[in-house]
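Examination of the molecular architecture
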Amino acid sequence: MLRPNGSVFMPSVLTLIGIPGLQSVQCWIGIPFCFMYLMAMIGNTLILVIIKYENSLHSPMYIFLAMLGATDIALSTCILPKMLGIFWFHLTEISFDVCLLQMWLIHSFQATESGVLLAMALDRYVAICNPLRHGSIFSQNLLTYIGIGVILRAVVLVAPCIVLIKYRLKFYRTTVVSHSYCEHMAIVKLATEDTRINKILGLFVAFTILGFDISFITLSYVQIFVTVFQLPHKEARLKAFNTCIAHICVFLQFYLLGFFSFFTHRFGSHIPPYVHILLSSLYLLVPPFLNPIVYGVKTKQIRDHVLKMIFSKRHPDH
């Protein structure tokens, strides 16, 4: 339904154009994206299976790693199938309500991943700075509460952003979204009404979750490094530091990509739109793709079980 000035009243369908300016090569861009998605699915599923069936890996560190893997599978599945449909089959239309659902799921899983990374940092902090109390602090009950709390925090904080779009913004200048998935600011910018409340709430949620998590992750690792460098033996220092390297790599790739994408989308008006969209798409695809590789390479227990699975299949007689 159109108003006289040409704006659209509560559209039922939106059109996702993919990557603006690169539509002619989107079919080729879809190939590495599809590869990353398949590798993410295989790698994270492998880690989940190993942790589930190997009793020696039922410790807090590996349970958090399983949570991270499950979140990565869900996050990449929310975005990739539809994105490849746009790139390869020109399936650009999406129902407005389905778009809001995708937005809610994507941002909720992002917030969940950030919460799991915080839990992993706190686990390493207690394991290295207070090892004698680690078993009593990180009990099975606490792990359950952390899992539920991280999910609830994400779902509850992200939901108002979706509700505001649904019930506050009625008129849109266009139904064409210059993006490859339903992102909060990409939809808000389409509205003809005053969107300051939506933008402020979006920033509040982002800084509440990411700001809180990054602050405590940083404090945890500062304390960890202080403790590690005070250890008397070089071997003990290297062993303690080595248990943290994989976590640090995962934290850095998630938050650096996230902040780069976040700030260029809001404040990088001079940056070409396709750069925004590529960055925000890679932000959702690269961590699920790289996390299993990082943990597979840097975590000896995971690496050993992967190799055992591979060689036991090659040599069934043994």
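Residues numbered from 1 in each chain as written. Predicted model: local features only at pLDDT ≥ 70, side-chain atom pairs only at ≥ 80, totals over all residues. Heavy atoms only, no water.

Points about the state of the cysteines
Our working definition: Cysteine sulfur atoms are paired as a disulfide whenever they come within 2.5 Å of each other. Here a strand is any run of E in DSSP of at least two residues, a helix any run of H or I of at least four, and the numbering for each starts at the N terminus. Three labels apply to residues, based on accessible area from a 1.4 Å probe with only protein chains included: buried if under 20% of the type maximum, exposed if over 50%, partly exposed otherwise in between.
All chains considered together, the criterion is met by one disulfide. Here Cys99 connects covalently by a disulfide to Cys182, the sulfurs 1.9 Å from one another. Its S-S torsion of approximately -120° makes the covalent link between Cys99 and Cys182 left-handed. Residue Cys99 is located in helix 3 (residues 96-129), and its partner Cys182 is located in the loop between strand 5 (176-177) and helix 6 (184-188); the two are separated by 83 residues in the primary sequence. Given the relative accessible area of 0%, Cys182 is considered buried. You can see Cys34 has no disulfide; the closest cysteine sulfur is in Cys27, sitting 13 Å from it. In this structure Cys34 comes out as buried when scored by relative accessible area, which is 17%. Free of any disulfide, Cys129 has its nearest neighbouring cysteine sulfur in Cys244, separated by 8.7 Å. Look at Cys129 and you get partly exposed, because its relative accessible area is 25%.

Focus: the nonpolar core
Taken as a class, soluble globular proteins show a tendency for nonpolar side chains to be buried jointly. Defined as follows: The definition of a nonpolar core used throughout is a set of buried Ala, Val, Leu, Ile, Met, Phe, Trp, Tyr and Cys residues joined through side-chain atoms within 4.5 Å.
Formed by 86 residues in total, the largest nonpolar core has its most connected members in Leu65, Leu117, Met120 and Ile165. In terms of residue count, helix 2 (residues 60-89) provides more of this core than any other element does, 15 residues in total.

Concerning the side chain of Gln26
Selection rule: Should any heavy atoms of two residues lie within 4.5 Å, those residues are counted as being in contact.
For Gln26, the position within the fold is in helix 1 (residues 26-53). Judged by its relative accessible area of 4%, Gln26 falls in the buried class. Setting aside residues no more than four positions away along its own chain, Gln26 makes contact with Ile17, Gly18, Ile19, Ile86 and Phe87.

A short note on the pairing of strand 2 (residues 13-16)
Each regular strand displays side chains that alternate between the two surfaces of the sheet. What counts here: Paired strands are those between which DSSP finds at least two bridges.
The two faces of strand 2 differ: Leu14 and Leu16 on one face are buried, but Val13 and Thr15 on the other face are not. Both strand 2 and strand 3 (residues 93-95) contribute to a ladder of three bridges, which runs antiparallel. In the strand pairing of strand 3, Thr15 is matched with Glu93.

Examining the UniProt feature "transmembrane region" (unreviewed entry) in the chain
Cut-off, in case you're wondering: UniProt positions are given in the numbering used here, feature names are shortened, and annotations may be inferred rather than shown by experiment.
Residues annotated in UniProt with the feature "transmembrane region" (unreviewed entry) correspond here to residues 29-51, 63-89, 101-122, 142-165, 200-228, 240-262 and 274-295. Structurally, residues 240-262 comprises 100% helix and 0% strand, and the distance from its first C-alpha atom to its last is 33 Å.

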